[in-house]
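Structure at a glance
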Amino acid sequence: MKQEKLTLEPFEMKNLPLIVDVVEPLWYPPVGDNIFKRFNVEYIVRNNICENDYRFQLVDVEDGKAQKEILSAAFFARKGDYSLVEDWFSREVQQFPPELRKASGMSKTYLTLMDKRTLALMNDDDIKLSLFVSRKPGAGLQILEQTCKRLKTEGWKNLYLWTDCDCNWQWYTKHGFTLVQEDIYEPFSNEQEDYKTYIFKRKL
């Protein structure tokens, strides 16, 4: 991937389905049909998109292409930022029966708790990486490095994020992040295995 072809720009919400496509097979809930599964995954993505200027997409603007190609996206949150996901969730969840609404409620409770735990560790000059998604090999690291440079220039001190054992959490330890908190989330645990959550920090 040639650096000179890549441009960092504000994320366009019209590209949201492209991001959902990437994480959909990874974040499928264990219940419901395909429509519900995609709804649940889209909720997770939307939950991580705040109303701020820290929503980015990395695009390939190579000459000769009919349109730019979205390679990756990254979303950040400051203390006090908010998402419009609640209105969307309240409206869209009505199409599903009560048992599936309950399953979505479990996801909602989990995301809210982990965001709260992470924000509690942050100072006002720290910022949280809510989500970053790569559509091309290597593009995730590219957008992370480019956004970190911009955040440092703006005066942000540390980058925080949370993840869990369903993700490749070891990746962060190899890319400048330090594990600052590890917990067990009992509702997702079972007799065979604890469901572990991780909060990481990286100096900008």
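Up top you'll find the structure we're talking about.
Small disclaimer: the values here were computed from a predicted structure and weren't measured. (Residues numbered from 1 in each chain as written. Predicted model: local features only at pLDDT ≥ 70, side-chain atom pairs only at ≥ 80, totals over all residues. Heavy atoms only, no water.)

1. Some remarks on the overall build of the protein chain
Test applied: Every helix listed is a DSSP run of H or I at least four residues long, and every strand listed is a run of E at least two residues long, numbered separately from the N terminus. Only C-alpha atoms enter the radius of gyration; for comparison, a globular chain is expected to reach 2.2 Å times N to the power 0.38, where N is the number of residues. The classification of residues rests on relative accessible area computed with a 1.4 Å probe and restricted to protein chains. Under 20% of the type maximum is buried, over 50% is exposed, and intermediate values are partly exposed.
On a plain count of helices and strands, the protein chain comes out with six helices and seven strands. Each helix (α) and strand (β) of the protein chain, taken in turn from the N terminus, gives the series β-α-α-β-β-α-α-β-α-β-α-β-β. Against the 2.2 N^0.38 benchmark of 17 Å for 204 residues, the protein chain shows a C-alpha radius of gyration of 17 Å, consistent with a compact globule. Principal axes of the C-alpha set define a box for the protein chain whose edges measure 50 × 40 × 30 Å. Each of the 204 residues in the protein chain was classed as buried or not, and the buried ones make up 45%.

2. Notes on the nonpolar core
The cut-off we apply is this: To qualify as a nonpolar core, a set must consist of buried Ala, Val, Leu, Ile, Met, Phe, Trp, Tyr and Cys residues joined through side-chain atoms within 4.5 Å. Contact criterion: two residues are considered in contact whenever any of their non-hydrogen atoms come within 4.5 Å of each other.
Counting residues in hydrophobic clusters, the biggest one holds 24 residues, and the most contacted among them are F76, I127, L129, L151 and L159. For this core, the secondary-structure elements that each account for two or more residues are β1 (6-10), β2 (55-60), β3 (69-77), β4 (126-134), α5 (139-153), β5 (158-164) and β7 (196-203). Take this core: its biggest share by element is five residues, from α5. What L151 contacts, discounting residues up to four positions off in sequence, is Y54, F76, I127, W156, L159 and L204. Membership of the second largest hydrophobic core comes to 20 residues, among which are Y43, A103, M122 and Y185.

3. Here's the deal with the packing of helix α1 (residues 16-27) against helix α2 (residues 34-47)
Our working rule: Note on method: axes are straight lines fitted to C-alpha atoms, helices fitted across the in-contact stretch only, with angles between N-to-C directions ranging 0 to 180 degrees. Any angle between 65 and 115 degrees counts as roughly perpendicular, while under 35 counts as roughly parallel, over 145 as roughly antiparallel, and the rest as oblique. Left-handed describes a crossing in which the near helix is turned anticlockwise from the far one by less than a right angle; the clockwise case is right-handed. Just so you know the grouping, Ala, Val, Leu, Ile, Met, Phe, Trp, Tyr, Cys and Pro go in nonpolar, Asp, Glu, Lys and Arg go in charged, and all remaining residues, Gly too, go in polar.
Taken N-terminus to C-terminus, the directions of α1 and α2 make an angle of 115 degrees; their axes are 9 Å apart at the nearest point. Classed by the angle they form, the pair α1 and α2 counts as roughly perpendicular. α2 is crossed by α1, and the crossing has right-handed handedness. In this structure, α1 contributes L16, P17, I19, V20, D21, V23, E24 and W27 to the contact, and α2 contributes N34, R38, V41, E42, I44, V45 and R46. For the contact of α1 with α2, the per-class residue count stands at nine nonpolar, one polar and five charged.

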